[in-house]
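Descriptive structure summary
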Amino acid sequence: LKRLTKLILIDKRVIFTFIIIFFSVFVHLSTPAFYKDSWVKGIVKNQFEKEFKFEIVFGEKLSYAIFPVPHFRFKDVKFISNEKDLAQIELVKVYLTFSKFLDKNKMNIQNVVIKKAKFNFFEEDFKNLVDFFNRRINEKKITISDSKIFLKDNNEDTYSIISIDKSQSIYDNKENVNNLDVDGEIFNNSFKLNLKNNFLESKSNSSLTFDKLNKKFINVIDFKNKKKAGNFSYFDSGKKYDTAYIFDNDLLNFYSKEKINDKYLYNGIVNFSPFSSKLQVNLKSVNLNNLIGTDTLFLEVLKSNIFANKNLNFNVEVKSKNISDHRKLKDLNLNINYENQSLNFNQSSFLLEDILKINLVDSKFVNDKKQYFFGKFEILIYDHSNLYRFFQTKKNYRKKINSIYISIKYDLLKDDLILKELIIDNQSNENIKNFIKQFNRDNEPIRNKADLRNFFNSFIEEL
């Protein structure tokens with residue numbers, strides 16, 4: 001009986017001890033629930049704005065939760081920068097330093113979770129991205145989920161949207177490293193982004209992966225010296241392309257480590273003040289449909305209006321001896337020019353064997369509420385006999401011709417082609433003009449070689 005009584009007493013003490021501990025912890029964790037809302041908002045606001053350098057505005061709704069980890073919940077929150085709404089957020093969770101609950105004056109933010117946010121990113125904000133390489137970012141971990149970033153121009157019109165599934169950013173005091181991880185989607189393609197900036201080694205590493213496209217980009221830069229040297233790697237379907245570059249003040253020089261016929265696969269120069277750039281690409285072969293076909297990344301970028309910037313000027317020249325998906329086409333020279341907020345492809349050209357050469361003399365890409373391509377093509381014919389054989393033209397219509405000028409307007413959204421002008425050997429006639437009117441009325445697309453052959457023979461028969 002004595003042993004049994006002793007055991008029960010010991011159990012009661014143990015149970016009582018656990019009750020005291022549980023009650024103490026519960027009281028400790030519940031303490032912030034009794035703080036005034038205005039005081040909590042003030043503490044969070046001061047720490048937030050000191051840490052992130054922008055204004056935070058809270059809605060009226062505020063609550064406190066203990067589980068799974070003690071935190072305050074703020075609804076309808078705004079971030080404001082330079083008198084513009086940087087973000088509108090449905091929910092912000094602020095997790096507190098666990099050991100400081102009883103001393104509210106020493107209570108600090110430990111980490112922040114942001115859910116269902118709409119971030120507005122303006123053109124001038126791109127300059128702030130450079131700060132990632134120059135200073136330590138937030139020491140409190142920030143997690144962003146189920147949110148969107150709206151890229152906007154100076155007129156506050158949205159030209160692209162980035163969806164954020166999950167993002168985490170923090171400055172690691174022990175390693176002295178900035179860390180940023182983002183899982184999201186852009187142009188209907190999911191991506192993973194990782195940025196690391198090591199201040200001890202003065203090196204930065206970044207990677208961007210598009211799983212669906214089977215593409216990956218890795219960048220390593222050493223910024224110990226005034227001239228910053230780096231290497232950019234591009235992975236495409238198992239192949240790797242390396243680009244070396246040197247950044248000095250406002251000038252960036254870069255070149256590929258691979259060469260094609262003693263020429264760099266690509267090389268260029270970028271001047272950041274004022275911004276202008278020139279890129280030359282030399283290829284052995286190119287797939288024209290993958291480059292400029294429907295639903296390609298190139299067209300998606302054009303439609304997004306991402307180039308709508310008055311300070312942006314660039315020239316990209318792509319050259320290829322062979323065109324893999326069109327056996328008879330060769331010597332592609334594609335020029336992409338952007339200047340004074342105008343995009344064109346002037347001076348682009350390619351050959352149809354030794355039969356003819358097609359030059360894009362004048363062009364313009366309009367991306368407003370509607371998306372149009374205007375182009376004037378010069379077709380110089382070297383061998384009219386082989387040309388007629390290629391298009392299987394009837395022999396009684398095979399007249400000698402030296403040149404064809406054709407002007408078109410193409411609606412990218414409706415996939416409509418409008419013929420504006422057709423001149424053969426610097427001449428036109430009523431039959432050709434009637435052909436143009438009939439073609440535009442019929443609105444028949446030209447999608448393959450058979451359609452192109454019918455189109456060619458139709459206007460040749462009107463000569």
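Residues numbered from 1 in each chain as written. Predicted model: local features only at pLDDT ≥ 70, side-chain atom pairs only at ≥ 80, totals over all residues. Heavy atoms only, no water.

**Notes on the packing of aromatic side chains**
Heads up, the condition is: Put simply, two rings from Phe, Tyr or Trp (the six-membered ring, in Trp's case) pair if the centres are within 6.5 Å, and we call them stacked under 30 degrees between planes, edge-to-face over 60, tilted for the rest. Counting from the N terminus, the helices are DSSP H or I runs at least four residues long and the strands are E runs at least two residues long.
In this structure the tally under the stated criterion is 21 aromatic pairs. A ring pair is formed by Phe-72 and Phe-74, whose centres lie 6.4 Å apart and whose planes are at 40°; its orientation type is tilted. Relative to Tyr-234, the ring of Phe-217 lies with its centre 5.1 Å away and its plane at 20°, an arrangement referred to as stacked. Note that Phe-217 is positioned in strand S11 (residues 215-222) and Tyr-234 in strand S12 (residues 228-236), a separation of 17 residues in sequence.

**Quick notes on the pattern of salt bridges**
Test applied: The working definition used for a salt bridge is a side-chain nitrogen of Lys or Arg within 4 Å of a carboxyl oxygen of Asp or Glu. Three labels apply to residues, based on accessible area from a 1.4 Å probe with only protein chains included: buried if under 20% of the type maximum, exposed if over 50%, partly exposed otherwise in between.
All chains considered together, the criterion is met by nine salt bridges. A salt bridge links Glu-317 to Lys-319; the nearest nitrogen and oxygen atoms lie 3.4 Å apart. Accessibility expressed as a relative area gives 37% for Lys-319, which makes it partly exposed. The partner of Glu-430 in a salt bridge is Lys-433, and the shortest N-O contact between them spans 4.0 Å. With Glu-430 and Lys-433 both in helix H7 (residues 430-442) and three residues apart, this pair spans about one turn of that helix. Look at Glu-430 and you get exposed, because its relative accessible area is 52%. Residue Lys-433 is classed as partly exposed on the basis of its relative accessible area of 43%.

**Overview of the pairing of strand S23 (residues 356-367)**
Moving residue by residue along a regular strand, the side chains alternate between the two faces of the sheet. Basically, it comes down to this: A pair of strands counts as paired when DSSP detects no fewer than two bridges linking them.
Two elements, strand S22 (residues 348-352) and S23, share five bridges in a ladder whose sense is antiparallel. Paired with Ser-348 across the strands is Leu-360, a residue of S23. The turn linking S22 back onto S23 is made up of three residues, and Glu-353 within it adopts a positive phi angle of 45°. Where S23 and strand S24 (residues 371-381) come together, 11 bridges link them in antiparallel fashion. Of the residues in S24, the one forming a bridge with Leu-356 is Ile-381. The hairpin turn running from S23 into S24, its antiparallel successor, is three residues long.

**Remarks on unusual backbone geometry**
Although it is not a glycine, Asn-176 adopts a positive phi angle of roughly 60°. Structurally, Asn-176 is set in the loop between strand S7 (158-172) and strand S8 (177-186). Assessed through its relative accessible area of 11%, Asn-176 is described here as buried. Even without glycine at this site, Asn-443 takes up a positive phi of about 55°. As for its position among the elements, Asn-443 is in the loop between H7 and helix H8 (449-460). Using a relative accessible area of 37% as the deciding quantity, one classes Asn-443 as partly exposed.

**Here's the deal with helix H6 (residues 384-391)**
Heads up, the condition is: Directions from the helix axis toward the C-beta atoms define the arc. Here a residue-residue contact requires only that any non-hydrogen atoms of the pair lie within 4.5 Å.
Buried residues of H6: Leu-387, Tyr-388, Phe-390 and Phe-391, and no others. Angularly, the buried residues of H6 cover 155° about the axis, an arc narrow enough to put them on a single face. Packing partners of the buried residues in H6 comprise S22, S23, S24 and H8. Positioned one or two residues after H6, Gln-392 has a phi angle of 55°, which is positive.

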